[in-house]
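If you want the building blocks of each chain, they are given just below.
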Amino acid sequence: MANGMDFNFDVCPERSGTDSTKWARYAGRDVLPAWVADMDFASTPVIVDALKQRLEHHVFGYATAHQSTHEAVIAYLARERQWQVEPEWIVFTPALVPCLHGVIRAETPAGGAVITTTPVYPPFLSAPVLSGRTAECVPMVFDAGRWTFDFDALDAAAKRSQAKVFLLCNPHNPLGRVFTREELEKIAEFSARHGLVVCSDEIHCDLVLDPDAHHISYATLGKEVAHNSVSLFAASKTYNTAGLLCGYAVIPDKALRARFRRALAGVANEVNIFGLVALEAAYRHGAPWQRACVEYLRGNLDLVLTEIARTPGVTIAQCPQATYLAWLDARALGVENPAAVFEAGGVGLNNGADFGTPGFVRLNFGCPRERLREILRRIRATAEATKR
Ligand SMILES: Cc1ncc(COP(=O)(O)O)c(C=O)c1O
């Protein structure tokens, strides 16, 4: 029960044959999809009702966010992120991946370098290259029981590459880290030292599972930090509305915002009319569902940890603090492509190589518990057969 509303995450709609990217990949095969980052749950009724109401208008022309959407975003950032933003700082966008390109193109000369850390959400690696730049990758390190930044290596990479942009993922996909104030302050110092603009992708910030972790928006560290930053948000991961194509960048610095807009002009400037409706409904009325979803995901995560502990050759170095994604170390299985092995065993996972780290796989546990149980059973059976 949440605010008098009951949400049942144990039951979800059939997604096969519904144009779902996640399910289409394995159509007609006995492979349970646990890869791309969307959940199998129906979205919250408040979003569905708002979309139905919009549909009844029967006119679906080009969309521009109106004042109440701006107000909903501003109220959300103040309430949930402790960040007071001005309306003109907000740039609506159909999706966040184009924004990575926008920041890179706006702030880095052709052929220049962009720094990021690995493993990381694959577009952080491909966006620099597709935009005609290079990706300078610095591996994350596992230190004192947690994945964190290697600041010496970051300094060396910045010096060597003369990069102008740092791509930050917080909460981190795929490691599930929610970075501490201390870590973020060190990122801010590092970025100031090397004159880097930080693009902080915070799409997973409403999916913090660890009760002791608190998400801090990078730009709230200080005025100077905010002025050298682009922060990316969307309701799409939390409320399962990625197909509605709507997110936004928050860019306090006027000149940076103008360069960003120019870099994306004519390429990614139209937002989806239903996406705007979903975003506003989520931010105004979605919290009870979001809290219930996080609670359910915590239960799923417990199951993942229990079952992976019983799975030979597969470990999780650090329990994810956020997201519905678990980063599994399958190197002890001794196979070149563990994702292919698990796929043959009936589970579709993401291949760690795509995140810059072969030998790992990423598991999406945003699904009904019984399905997750079967996914984990297949993972264990495959690992047992492979280890033998
Ligand atoms: C860190 C991160 N950023 C961005 C995205 C995708 O955003 P969009 O669909 O708005 O391009 C994802 C999707 O998984 C993600 O994990």
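Being a predicted model, the structure only gives us computed values, none of them experimental.

Here we come to the environment of Leu32. Positionally, Leu32 belongs in strand β1 (residues 32-33). Take Leu32: there are 19 C-beta atoms within 10 Å of it, and that puts it in the partly exposed class. Along the chain, Leu32 and Gly345 lie 313 residues apart, while their C-alpha atoms are 9.7 Å from each other. Here Leu32 is in contact with Gly346, Val347, Gly348, Arg371, Glu374, Ile375 and Arg378, once residues within four sequence places are set aside.

The antiparallel open sheet is built from three strands, whose spatial order is β11-β14-β13. Edge positions in the sheet fall to β11 (325-329) and β13 (350-351), since each of these pairs with one other strand and no more. Looking at chain direction, β11 and strand β14 (residues 360-364) are connected through five bridges and run antiparallel. Paired with Asp329 across the two strands is Phe360, which belongs to β14.

This part takes up the pairing of strand β7 (residues 165-169). Across the five residues of β7, five count as buried, placing the element largely inside the fold. Strand direction decides the pairing type here: β7 and strand β8 (residues 197-201), joined by five bridges, are parallel. By the bridge assignment, Phe166 is partnered in β8 with Val198. For the segment spanning β7, helix α7 (residues 181-194) and β8, crossover handedness is right-handed.

Bringing the packing of helix α4 (residues 97-107) against helix α10 (residues 254-264) into the picture now. One way to put it is that α4 packs onto α10 with a least axis distance of 8 Å and a crossing angle of 115°. Where α4 crosses over α10, the two elements pack in a sense that is right-handed. Contact residues: α4 offers Pro98, Gly102, Val103, Arg105, Ala106 and Glu107, while α10 offers Arg259, Phe260, Ala263 and Leu264. In the contact of α4 with α10, the residues fall into six nonpolar, one polar and three charged.

This part takes up helix α6 (residues 151-161). Here α6 has its buried residues at Leu154, Ala157 and Ala158. For α6, the angular spread of buried residues about the axis comes to 100°, placing them on one side. Opposite the buried face of α6, by more than 90 degrees, sit the exposed residues Asp152, Lys159 and Arg160. Against the buried residues of α6 lie β3 (113-118), β4 (134-139) and α7. One or two positions beyond α6, positive phi appears at Gln162, with a value near 55°.

Here we take up unusual backbone geometry. In this structure, Pro119 follows Thr118 across a cis peptide bond, with omega equal to 0°. Here Pro119 is to be found in the loop between β3 and α5 (123-130). You will see that Asp19, though not glycine, has its phi angle at about 60°, which is positive. Turning to its location among the elements, Asp19 is positioned in the segment before α1 (21-24). The exposed category is assigned to Asp19, around which 8 C-beta atoms lie within 10 Å.

Now for the environment of Pro45. Within the element layout of this structure, Pro45 appears in helix α2 (residues 45-55). You can call Pro45 partly exposed: it has 14 C-beta atoms within 10 Å. Between the alpha carbons of Pro45 and Gly313 there is a distance of 41 Å; along the sequence they are 268 residues apart.

Rules of the game
Residues numbered from 1 in each chain as written. Predicted model: local features only at pLDDT ≥ 70, side-chain atom pairs only at ≥ 80, totals over all residues. Helix = DSSP H or I, 4+ residues; strand = E, 2+ residues; numbered from the N terminus. Buried ≥ 20, exposed ≤ 12 C-beta atoms within 10 Å, placed from the backbone. Contact = placed C-beta atoms within 7 Å. Pairing = 2+ DSSP bridges. Right-handed = clockwise from strand over helix to strand, strands pointing away. Axes fitted to C-alpha atoms, helices over the stretch in contact; angles between N-to-C directions. Left-handed = near helix turned anticlockwise from the far one by under 90°. Nonpolar A, V, L, I, M, F, W, Y, C, P; charged D, E, K, R; others polar. Arc of directions from axis to C-beta.

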